[in-house]
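If you want the building blocks of each chain, they are given just below.
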Amino acid sequence: MSSAPVTGTIPGYTAGTWKADPAHSGIAFAVRHLMVSKVRGRFTGSDVTIVTSEDPLGSSVVATIDVASIGTGNERRDHHLRSADYFDVEKYPTMSYRSTSIRRTGDGWVIDGELTFRGVTRKVPLAVEAYGFGPVTSGGRRAGFSASAQIDRRDYGIHIPMDGVGGVVGETVSISLDVEAVLQR
């Protein structure tokens, strides 16, 4: 086991409170469709706060996602996804994620946390890569991260009837996040 400080593996690591820059961040998903292709989409409305502590293992993340902000490039599909068949945005307008711990795994990081979606809370670990922390020419500091996870849509009450030819929508949903965060003063 190395005695090197954990912060040495993250270029420019800085403790503080960070807010995701919506112009440079994204929350996306992909799910199998008709078992022959994938549908990809993203949520354009979110509020993400990251608190980095002196020891990265003591850091935390909270995020709220505006479920109605979904976009797949097909308005008819997006409307259907907002309906009670899928996201039920009238009843559940947001989903949220709250970290419970952070741990080191080999050469990476995992944020253990809870995703609340459609009134159901489940543990969802996020595999995270910290790109680095640094100053920007316009002043201030920014940090970059990516994260990924997989969830089972059935865990959140999304059950899609079969049409007799196989699954219409896959059970596993891949989630990916790219976050560029700004240090708050």
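Scope of this entry: the structure provided in the associated data block.

**Here we look at the overall build of the protein**
In step 1: A count of helices and strands for the protein gives 1 helix and 12 strands.
In step 2: When the elements of the protein are put in sequence order from the N terminus, they spell out β-β-β-β-β-β-α-β-β-β-β-β-β.
In step 3: Expected size for 185 residues packed as a compact globule is a radius of gyration near 16 Å; at 18 Å, the protein falls within 12% of this value.
In step 4: Principal-axis analysis of the C-alpha atoms gives the protein an extent of 55 × 40 × 30 Å.

**Observations concerning the nonpolar core**
In step 1: Among the nonpolar cores identified, the biggest contains 48 residues, and Phe 43, Ile 50, Phe 87 and Leu 126 are the most heavily contacted of them.
In step 2: The leading source of residues in this core is strand β12 (residues 169-183), at 7 residues.
In step 3: Ignoring anything within four residues of it in the chain, the contact list for Ile 50 reads Gly 16, Thr 17, Trp 18, Ser 60, Val 61, Phe 145, Val 179 and Ala 181.

**Points about the side chain of Asp 21**
In step 1: Topologically, Asp 21 is positioned in the loop between β1 (16-20) and β2 (26-33).
In step 2: The exposure class of Asp 21 is buried, given its relative accessible area of 13%.
In step 3: Here Arg 142 takes part through its side chain, which lies 2.7 Å from a polar atom of the side chain of Asp 21.
In step 4: Setting aside chain neighbours within four positions, we find Asp 21 in contact with Arg 142, Glu 180, Ala 181 and Val 182.

**A closer look at the packing of aromatic side chains**
In step 1: Tallying each qualifying case throughout the model produces 7 aromatic pairs.
In step 2: Taken together, a centroid distance of 5.2 Å and an interplanar angle of 75 degrees make the contact between Trp 18 and Phe 133 edge-to-face. You can see Trp 18 sitting in strand β1 and its partner Phe 133 sitting in strand β10 (residues 126-135), a full 115 residues away along the chain.
In step 3: On the accessibility criterion, Trp 18 (0% relative accessible area) is buried.
In step 4: For Phe 133, a relative accessible area of 9% gives the class buried.
In step 5: When the ring of Phe 133 is compared with that of Phe 145, the centres are 5.7 Å apart and the planes differ by 90 degrees; the resulting orientation is edge-to-face.

**Topic: the environment of Thr 52**
In step 1: By the secondary structure assignment, Thr 52 is in strand β4 (residues 46-52).
In step 2: Sequence spacing of Thr 52 and Glu 171 is 119 residues, and the spatial spacing of their C-alpha atoms is 34 Å.
In step 3: Leaving out residues up to four positions away in the same chain, Thr 52 has contacts with Tyr 13, Thr 14, Ala 15, Gly 16, Trp 18, Ser 59 and Phe 133.

**Quick notes on unusual backbone geometry**
In step 1: Positive phi, normally seen in glycine, also occurs at Asp 88, with a value near 50 degrees.
In step 2: Within the element layout of this structure, Asp 88 appears in the loop between α1 (75-82) and β7 (94-105).
In step 3: Exposure remark for Asp 88: the relative accessible area of 17% places this residue in the buried category.
In step 4: Phi angles above zero are rare outside glycine, and Arg 118 is one such case at about 55 degrees.
In step 5: In this structure, Arg 118 sits in the loop between β8 (108-117) and β9 (120-123).

**With respect to the environment of Arg 118**
In step 1: Judged by relative accessible area, which is 15%, Arg 118 ranks as buried.
In step 2: Distance from Arg 118 to Ser 96, taken between C-alpha atoms, is 10.0 Å for residues 22 residues apart in sequence.
In step 3: Filtering out sequence-adjacent residues up to four positions away, Arg 118 remains in contact with Ala 84, Tyr 86, Phe 87, Asp 88, Tyr 92, Tyr 156, Gly 157 and Ile 158.
In step 4: Among the polar contacts listed, one links the side chain of Arg 118 to the backbone oxygen of Tyr 156, at a separation of 3.0 Å.

What counts and what doesn't
Sequence order as written defines the numbering, with residues in each chain counted from 1. The predicted nature of this model means local features are confined to residues of pLDDT at least 70 and side-chain atom pairs, given and counted, to a pLDDT of 80 or more, with totals for whole chains, interfaces and linings taken over all residues. To get the side-chain values, take all heavy atoms of the structure and skip hydrogens and water. Helix and strand definitions here come from DSSP, where helices need a minimum of 4 consecutive H or I residues and strands a minimum of 2 consecutive E residues; each element is numbered from the N-terminal end. Two things to know: the radius of gyration comes from C-alpha atoms, and the globule rule equals 2.2 Å times the number of residues to the power 0.38. Put simply, a nonpolar core is a bunch of buried Ala, Val, Leu, Ile, Met, Phe, Trp, Tyr and Cys residues held in one set by side-chain atoms that sit within 4.5 Å of each other. Think of it in three bands: residues with accessible area under 20% of the maximum for their type are buried, residues over 50% are exposed, and the middle band is partly exposed, with areas taken using a 1.4 Å probe on protein chains only. Residue contacts are defined here by distance: any two heavy atoms, one from each residue, within 4.5 Å place the two residues in contact. Two N or O atoms form a polar contact when they lie within 3.5 Å of each other; inside protein one atom must be a possible hydrogen donor and the other a possible acceptor, and for residues adjacent in sequence the pair counts only when both atoms belong to side chains. Ring pairs shown here join Phe, Tyr and Trp side chains whose ring centres sit within 6.5 Å, with only the six-membered ring taken for Trp; geometry is labelled stacked below 30 degrees between planes, edge-to-face above 60, and tilted in between.

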